[in-house]
Amino acid sequence: MNWFTRVRNSLGFSADKKSTEKDLWIKCKSCQEMLFVAEYEENLSVCPRCEYHGRIGADARLALLLDAGFELLPQPQVEEDPLKFKDTKKYSDRIKAARAANPHDDAFVVGSGTIDGHKAVVGVQDFSFMGGSMGMAVGMAFCAGAERALTRKCPYVVVTAAGGARMQEGILSLMQMPRATVMTRRLKAAGLPYIVVLTDPTTGGVTASYAMLGDIHIAEPGALIGFAGQRVIQDTIREQLPEGFQRAEYLHKHGMVDMVVPRRELKATLANVLDYLAPSKAA
């Protein structure tokens, strides 16, 4: 033990340098600036230098959008690993690992409460859980959120973030697309607003179903939104695609997204939209 280590230990610095750096700093994925984690999180996981919007979890998203005191709906119970799927790992092992690393049992979480005093049900897709992939549990949770909105006679807001359908559940995963679509039609028939907030990334079967069926589509800045990847599309049509053609700003310019709203303004924007769209009280 050298003299520096002895002095360092005597002063109580027990954590190694790598651990300290990991706890205190984070690198922006866009501008590559090193940011204090506390400053980054205080800014809602948005880079204060370049305004890059980082990904956030379901709990943080619900706390950001809903007023304090909201109710968290129970996670639907579905058959796990119905196809006994195995690739490089068993699907059951992947599910266990994802649950160990996340606070919820699957990728879609629903909260019921208010947004600046306006009644609303908010469903949030969490990309950190197996890439936010849409399996049976996600489909069931989406439908449960819609049912709660129908019961409360209030708008349904869904925040999407997904790599698409969950391949380990095969056709059972793809069946969630029409199921979710039916629920959006029921909301429409009841005269209840269905609003989608598109975050980075929203792709695949989620984009092909409930992510693009909203009455209003709001996107966070820079969000990747599309069905297939840019390289796949270019190889299929054999044409060079415009720069950023699957980003929120390009889609807004071409009419696929109604507005692009920074994260810090999202709750107030949703409250204004709900105030405009929500049905008037009965006389």
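Scoring rules and cut-offs
- Residues numbered from 1 in each chain as written.
- Predicted model: local features only at pLDDT ≥ 70, side-chain atom pairs only at ≥ 80, totals over all residues.
- Heavy atoms only, no water.
- Pairing = 2+ DSSP bridges.
- Helix = DSSP H or I, 4+ residues; strand = E, 2+ residues; numbered from the N terminus.
- Contact = heavy atoms within 4.5 Å.
- Axes fitted to C-alpha atoms, helices over the stretch in contact; angles between N-to-C directions.
- Salt bridge = Lys/Arg side-chain N within 4 Å of Asp/Glu carboxyl O.
- Patch = residues over 30% accessible without salt bridge, like charges linked within 9 Å, V, L, I, M, F, W, Y side chains within 5 Å.
- Areas by Shrake-Rupley, 256 points an atom, 1.4 Å probe, with all protein chains shown as cover.
- Buried < 20%, exposed > 50% of the residue type's maximum accessible area, 1.4 Å probe, protein only.

Caption draft 1: Expanded view of the sheet that holds strand β6 (residues 156–162). Read from one edge of the open sheet, 7 strands run β3-β4-β5-β6-β7-β8-β9, paired in mixed fashion. On the outer flanks of this sheet lie β3 (71–72) and β9 (259–260), each paired with one strand and no other. Where β6 meets strand β7 (residues 194–202), 6 bridges bridge the pair, whose relative direction is parallel. If you follow V159 over to β7, its bridge partner there is V197. In the packing of helix α6 (residues 136–152) onto the sheet, contacts are made with β3, β4 (108–115), β5 (118–125), β6 and β7, and the angle to β4 comes to roughly 20 degrees. Across the face of the sheet, helix α12 (residues 266–277) comes into contact with β4, β5, β6, β7, β8 (216–219) and β9 while running at roughly 155 degrees to β7.

Caption draft 2: Region of interest: the pattern of salt bridges. For the coordinates displayed, the defined rule picks out 13 salt bridges. Between E39 and R49 there is a salt bridge, with its nearest N and O atoms 3.6 Å apart. With E39 in helix α3 (residues 37–42) and R49 in the loop between α3 and α4 (58–65), this pair connects stretches of sequence that are 10 residues apart. Ionic pairing is found between R55 and D200, a salt bridge with its closest N-O pair at 3.5 Å. Here R55 is found in the loop between α3 and α4, whereas its partner D200 is found in strand β7, with 145 residues between them in sequence.

Caption draft 3: Quick peek at a nonpolar patch on the surface. A cluster of nonpolar side chains, contributed by L24, W25, M34 and F36, occupies part of the molecular surface with about 380 Å² of accessible area. Along the chain, W25 falls in strand β1 (residues 25–27). Judged by its relative accessible area of 35%, W25 falls in the partly exposed class.

Caption draft 4: Representation of the side chain of H217 in the model. Among the structural elements, H217 can be located in strand β8. The class of H217 is buried, set by a relative accessible area of 8%.

Caption draft 5: Broad picture of unusual backbone geometry. The omega angle of the peptide bond from D200 to P201 is -10 degrees, so this bond is cis rather than trans. Here P201 shows up in strand β7. The backbone phi angle of Q32 is positive, close to 65 degrees, even though this residue is not glycine. Along the chain, the position of Q32 falls in the loop between β1 and β2 (34–36). By relative accessible area, Q32 is classed as partly exposed at 44%. Phi at M130 is positive, roughly 50 degrees, even though this residue is not glycine. Looking at the element boundaries, M130 is found in the loop between β5 and α6. A residue is classified by how much of its surface remains accessible, and M130, at 23% relative accessible area, is partly exposed.

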